[in-house]
2 protein chains.
Amino acid sequence: MLMTSNDSRVKDLTKRVLARDVRAISRALTLVENASESGILLHQSLYPHTGNAFIVGITGSPGAGKSSLVNELALSLMRAGERVAVLAVDPSSPYSGGAVLGDRIRMEAAVESDKVYVRSMASRGALGGLSGASADAVDILDAAGFSYILVETVGVGQGEVDIARTAHCSVVVLVPGMGDEVQVMKAGILEIADVFVINKSDRPGVHALERELRILMTLITTAADAWKVPIIRTIATKPEGIKELIDMLNEHRTWLKSTGKGEEKAKQYIRERILQLCTKEAAKLISNRYAAEIDSGLADCLNRKRDPRSVAIELVGKL
Amino acid sequence: MLMTSNDSRVKDLTKRVLARDVRAISRALTLVENASESGILLHQSLYPHTGNAFIVGITGSPGAGKSSLVNELALSLMRAGERVAVLAVDPSSPYSGGAVLGDRIRMEAAVESDKVYVRSMASRGALGGLSGASADAVDILDAAGFSYILVETVGVGQGEVDIARTAHCSVVVLVPGMGDEVQVMKAGILEIADVFVINKSDRPGVHALERELRILMTLITTAADAWKVPIIRTIATKPEGIKELIDMLNEHRTWLKSTGKGEEKAKQYIRERILQLCTKEAAKLISNRYAAEIDSGLADCLNRKRDPRSVAIELVGKL
């Protein structure tokens, strides 16, 4: 898996991504998204150039207006002199890998300039692979010199949690006046939030939501030196509250640096990423090396003679 | 990991679960949910008694009225002489494992009788572990002699897809008149659906939604002998359409059996489950055996000297 000298295509693409060539960045992201051999080599060759961007994850309930918020955020950051990349991760099907999403097409057609780059990406599910491609994509954008990377995800689930781990700062977007089941969704992402945004804050129910959030937050045990999660009100369509949000992002960034929590978080994240990639590679190895044993174990499970876990433990025991 | 003769507690619990003792079933599910040693042993000892239930996954957008639908479905099936278990999988936080969900409490308090059993369960995220506990829980309920197991999940994501794989039949619940972003969620679960339910079908927009679904379905390439996914309209709160839904579930069950697709699906699912459990076991093994190598790889990644994938590939190469 080492880069060979004759892989001039990867070399050329690496150079062009580092030179911030928009077409090269798009091509690189496609290679990484497809998890192709070239994509892996390219990621490997760009990784040394990462570590400079501030990565912000933006997630929340459907209908919370995340896209509008991200757009306004990107524009404001750009006006403040930042180079901003937006990565919108779609929960498209893990079965076909195809995207039947109108949203996706809309995003692909969006602004591409030297200062703002917008890209959507499918979050294909596979064994431990959900966040793999999006983590690699973030690295590509980081190497390409974007100072802010906004990663937008839809819904709640393991994918969002993985992406929150990737991010330096996780923004959870809520709206007032949503039903009971939406509150359930909130609970799942409550603990990954570094910043809460109540968008569409001109709607009724904003006080109730804020109160509820504060109550939920008291239920979570946090250390004395932990970050105090703020609640920012926005109306993305006006726009209102965007400056306050950016100020808070910068405050969180400063906090991460001054307390050493940023490095701690980075270490934990890289450790998890190594382990996740290990499981992926181990799955490949086991499938190839023990194909016959898997087949016979499978037959035993179908006949209820053995259970899947016993088969797995025996297989891994051979390693 | 083999069951020892002196583990009388597991033996006793196994017997009582097979005898359909409600308290024993609840205890067994708790052990499995906590992924305790006893839970693993218990699952192992009950697995030979599984394979009789019809497992129906019910998923969809938040606010689609899944809980009402599941309640009506369970009651109707019970009246038809079935023993029904409902497993509601909550997207609670993977960080604390705690549930701050009002919904969960509501579910815990629900009907427990010999014929209907309701249980909610957190979908704790971990490396490849999201669906692990819920798959084991379904096996416990299967061994306990429930003829129908309804697995309710909230939202869309890898968790739902994993649970859909567990199920013999996946029901996707939608409602008319939801916004654009909700449509995106639909796309993600479109291809896992065996049956579409349009709930709250007395609302405006039902025709548009049905038309849209039919268009989306034409975009998916399916084999000539594939199941034709039906669209059933329901109003769970009345209730209306429940009988039609049950008829369709039974039709799908007959189809699975007569075409051999059921066995094909079961094989594929068990294979995936074995591999997923392998990755989990392999991760444990790698973490323990190569702790020092992981630490030095991590340091290299932090310094951008190496990338996480190269570290992982090297570690797995040692196996």
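Fair warning: this is a prediction, and the values are worked out from it, not measured in the lab.

Chemist: I keep staring at the overall build of chain A and nothing clicks. Help me out?
Modeler: The number of helices and strands found in chain A is 13 helices and seven strands. Counting only residues that meet the buried cut, chain A has 58% of its 319 residues in that class. For chain A, the exposed surface amounts to about 12,900 Å²; the carbon and sulfur share of it is 53%.

Chemist: Would you mind going over the packing of helix α12 (residues 291-302) of chain A against helix α11 (residues 261-289) of chain B with me for this structure?
Modeler: Between two packed helices, both the angle of their axes relative to each other and the distance between the axes serve to describe the pair. For the pair α12(A) and α11(B), interaxial distance at closest approach is 10 Å and the crossing angle is 120°. On the basis of their axis angle, the class for α12(A) and α11(B) is oblique. Between α12(A) and α11(B) lies a crossing of right-handed hand. Note on element contacts: α11(B) touches α12(A) through Glu263(B), Ala266(B), Lys267(B), Ile270(B), Arg271(B), Ile274(B) and Leu275(B), opposite Ile294(A), Asp295(A), Gly297(A), Leu298(A), Cys301(A) and Leu302(A). In terms of residue class, the contact of α12(A) with α11(B) is built from eight nonpolar, one polar and four charged.

Chemist: I'm lost on the pairing of strand β4 (residues 148-153) of chain B in this one. Help?
Modeler: The side chains of a regular strand alternate between the sheet's two faces. With six of six residues buried, β4(B) is to be regarded as a mostly interior element. The two faces of β4(B) match: Tyr148(B), Leu150(B) and Glu152(B) on one face and Ile149(B), Val151(B) and Thr153(B) on the other face are all buried.

Chemist: Is there a simple way to think about the packing of aromatic side chains in this case?
Modeler: Aromatic ring pairs: the centre-centre distance and the angle between the two ring planes describe each pair. In the structure shown here, the tally under the stated rule is six aromatic pairs over all chains. The ring of Phe146(A) has Arg83(A) lying over it, and the distance from NZ or CZ to the ring centre is 4.3 Å.

Chemist: Before we go on, may I ask you to explain the pairing of strand β5 (residues 169-174) of chain A in this structure?
Modeler: Residues and elements named next belong to chain A. Most of β5 is tucked away: six of the six residues are buried. Burial of β5 is two-sided: the residues Cys169, Val171 and Val173 facing one way and the residues Ser170, Val172 and Leu174 facing the other way are all buried. Alignment of strand β1 (residues 54-60) against β5, held across five bridges, turns out to be parallel. Bridge assignment links Thr59 to a residue of β5, and that residue is Val172. Sheet topology note: the β5/strand β6 (residues 195-198) ladder contains four bridges and is parallel. Along β6, the bridge assignment pairs Val172 with Phe196.

Procedures and definitions
Residues numbered from 1 in each chain as written. Chains lettered and ligands numbered in written order. Predicted model: local features only at pLDDT ≥ 70, side-chain atom pairs only at ≥ 80, totals over all residues. Heavy atoms only, no water. Helix = DSSP H or I, 4+ residues; strand = E, 2+ residues; numbered from the N terminus. Buried < 20%, exposed > 50% of the residue type's maximum accessible area, 1.4 Å probe, protein only. Areas by Shrake-Rupley, 256 points an atom, 1.4 Å probe, with all protein chains shown as cover. Axes fitted to C-alpha atoms, helices over the stretch in contact; angles between N-to-C directions. Parallel < 35°, antiparallel > 145°, perpendicular 65-115°, else oblique. Left-handed = near helix turned anticlockwise from the far one by under 90°. Contact = heavy atoms within 4.5 Å. Nonpolar A, V, L, I, M, F, W, Y, C, P; charged D, E, K, R; others polar. Phe/Tyr/Trp six-rings, centres within 6.5 Å; stacked < 30°, edge-to-face > 60°. Lys NZ or Arg CZ within 6 Å of the ring centre and 35° of its normal. Pairing = 2+ DSSP bridges.

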